[in-house]
Amino acid sequence: MASSLLALLDDITTVLDDVALLSKLAAKKTSGVLGDDLALNAQQVSGVAAERELPVVWAVAKGSLINKAILVPAALLISAFAPWAVTPLLMLGGAFLCFEGFEKLAHKFLHDAAEVGAEEQARRQAAADPQVDLVAFERDKIRGAVRTDFILSAEIIAITLGTVAGADFTTRLLVLSGIALLMTVGVYGLVAGIVKLDDAGLALSRRPATAGLGRAILAAAPWLMKSLSVAGTAAMFLVGGGILTHGLPGAHDLIHHLVQALGVSGGLQSLVELLADALTGVLAGALIVGALSLFQRLRAGAHSR
């Protein structure tokens with residue numbers, strides 16, 4: 001009896017060790033999506049009345065949990081009945097990250113700055129217009145944010161599934177569920193803090209003892225949003241490009257050998273390989289955006305005839 005109990009405890013400890021190790025690895029790989037997830041969701045809440053920001057964040061967080069309640073069982077079914085599909089799905093997720101990242105760059109650098117500013121101003125005016133149905137406006141914000149979350153959650157689950165594909169069912173279930181819950185709580189907890197950062201800074205600035213800190217927070221808040229957006233975009237290329245180079249047969253080995261041939265070694269070698277992954281992501285994103293743009297033009301030309 002005692003030996004059976006010890007054996008059971010040893011098995012449980014082994015499983016938990018595997019779960020902890022794989023969860024750490026999956027969290028590291030999916031952290032690239034986290035910065036973009038934070039920036040996108042914080043931007044989605046912008047324009048909502050200050051007193052409604054936290055209820056909106058909570059509504060989107062509940063939608064995110066529903067998304068993951070759909071995606072985690074789907075991922076487990078795929079890994080159980082079609083394990084061959086894990087790598088192609090992972091590659092699709094990586095390609096989408098590269099596409100999304102390059103589309104952001106294209107929108108920023110290829111569109112007129114005045115046009116982008118006019119779009120932002122129009123959104124702010126619509127939110128401030130007393131004739132606008134605020135309930136409908138808020139509902140649209142929530143639906144848009146939940147749709148965006150579904151795409152990003154699918155990427156997170158796909159990357160995690162690729163990490164645990166070789167593990168047993170229990171480990172896959174625990175890691176996928178743990179990452180899904182951790183990312184939801186982490187992202188929306190931070191989003192709630194970010195959207196209320198300016199309110200906290202304003203409150204502190206009104207007190208003589210903390211006025212300096214409050215003004216510093218108010219000044220830093222816009223820069224924090226910009227930094228998150230930049231970091232999220234860079235992470236898209238790093239993660240997406242890394243998925244593609246590891247998924248394409250021989251691509252990662254080719255990069256590794258080329259870096260070694262240049263005489264680079266040690267920590268610098270890892271940095272150069274990361275830059276190679278990022279460059280691969282940028283090139284892949286450019287190819288996808290270019291192909292889609294060409295397809296849309298051809299389609300528009302066919303319809304105009």
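Numbering of residues begins from 1 in every chain and follows the order in which that chain's sequence is written. Local features in a predicted model are, by the rule used here, given only for residues with pLDDT of at least 70; side-chain atom pairs are given and counted only at 80 or more, and totals for whole chains, interfaces and linings are based on all residues. Here the side-chain values reflect all heavy atoms present in the structure, with hydrogen atoms and water set aside.

Trainee: Can you explain the side chain of Arg 172? Please cite residues and give values.
Mentor: Following the sequence through the fold, Arg 172 ends up in helix 6 (residues 169-195). In this structure Arg 172 touches Leu 76, Ser 79, Val 164, Ala 165 and Ala 167, once residues within four positions along its chain are discounted. Helical segments are the DSSP runs of H or I of at least four residues, strand segments are the runs of E of at least two, and each set is numbered from the N terminus. We call two residues contacting when some pair of their heavy atoms lies within 4.5 Å.

Trainee: Lay out the confidence of the model for the protein chain in plain terms, naming residues and giving numbers.
Mentor: A residue's pLDDT is simply how confident the predictor is in it, with values from 0 to 100. Across the protein chain, the average pLDDT comes to 74, with 72% of residues at or above 70. Across residues 5-12, confidence stays below pLDDT 50; counting only partners more than four residues off in sequence or on other chains, it has zero contacts.

Trainee: Talk me through a nonpolar patch on the surface; I want residue IDs and the actual numbers.
Mentor: A cluster of nonpolar side chains, Leu 65, Leu 181 and Val 185, forms an exposed patch at the surface whose accessible area comes to about 270 Å². Structurally, the position occupied by Leu 181 is in helix 6. Here, patches come from residues exposed beyond 30% relative accessible area and free of salt bridges, joined within 9 Å for like charges and within 5 Å for nonpolar side chains (Val, Leu, Ile, Met, Phe, Trp, Tyr). The protein chains shown are the only cover counted for residues, whose accessible areas, like all others here, come from Shrake-Rupley with a 1.4 Å probe. In the sections that follow, a salt bridge refers to a side-chain nitrogen of Lys or Arg positioned within 4 Å of a carboxyl oxygen of Asp or Glu.

Trainee: Now, about the environment of Val 282: what can you tell me, with residues and values included?
Mentor: Tracing the sequence through the fold places Val 282 in helix 10 (residues 267-304). Taking the C-alpha atoms as reference points, Val 282 and Phe 237, 45 residues apart in sequence, are found 6.0 Å from one another. In this view, Val 282 contacts Phe 102 and Phe 237; residues no more than four positions away in its chain are not counted.

Trainee: Just give me the short version of the side chain of Asn 67, but keep the residues and values in it.
Mentor: Turning to its location among the elements, Asn 67 is positioned in helix 2 (residues 53-81). Not counting chain neighbours up to four residues away, the residues in contact with Asn 67 comprise Val 146, Asp 149 and Phe 150.

Trainee: Tell me about the packing of aromatic side chains, residues and numbers included.
Mentor: Side-chain rings of Phe, Tyr and Trp, where Trp is taken by its six-membered ring, are said to pair if the distance between their centres is within 6.5 Å; with planes under 30 degrees apart they count as stacked, over 60 as edge-to-face, and otherwise as tilted. The final tally for this structure, using the stated rule, is one aromatic pair. On the basis of an interplanar angle of 50 degrees and a centroid distance of 6.0 Å, the ring pair of Phe 96 and Phe 99 is categorised as tilted. In this pair, Phe 96 and Phe 99 are both assigned in helix 3 (residues 86-110), three residues apart and thus about one turn of the helix distant. Partly exposed describes any residue whose relative accessible area lies between the buried limit of under 20% and the exposed limit of over 50%, with all areas from a 1.4 Å probe on protein chains only and scaled to the type maximum. Residue class for Phe 96 comes out partly exposed when judged on its relative accessible area of 27%.

Trainee: Run through the environment of Val 72, naming residues and quoting values.
Mentor: Looking at the element boundaries, Val 72 is found in helix 2. Of the residues examined, Val 72 reaches a relative accessible area of 8% and is grouped as buried. Between the C-alpha atoms of Val 72 and Leu 161, which are 89 residues apart in sequence, the distance is 9.2 Å. Filtering out sequence-adjacent residues up to four positions away, Val 72 remains in contact with Ile 157, Leu 176, Ser 177 and Ala 180.

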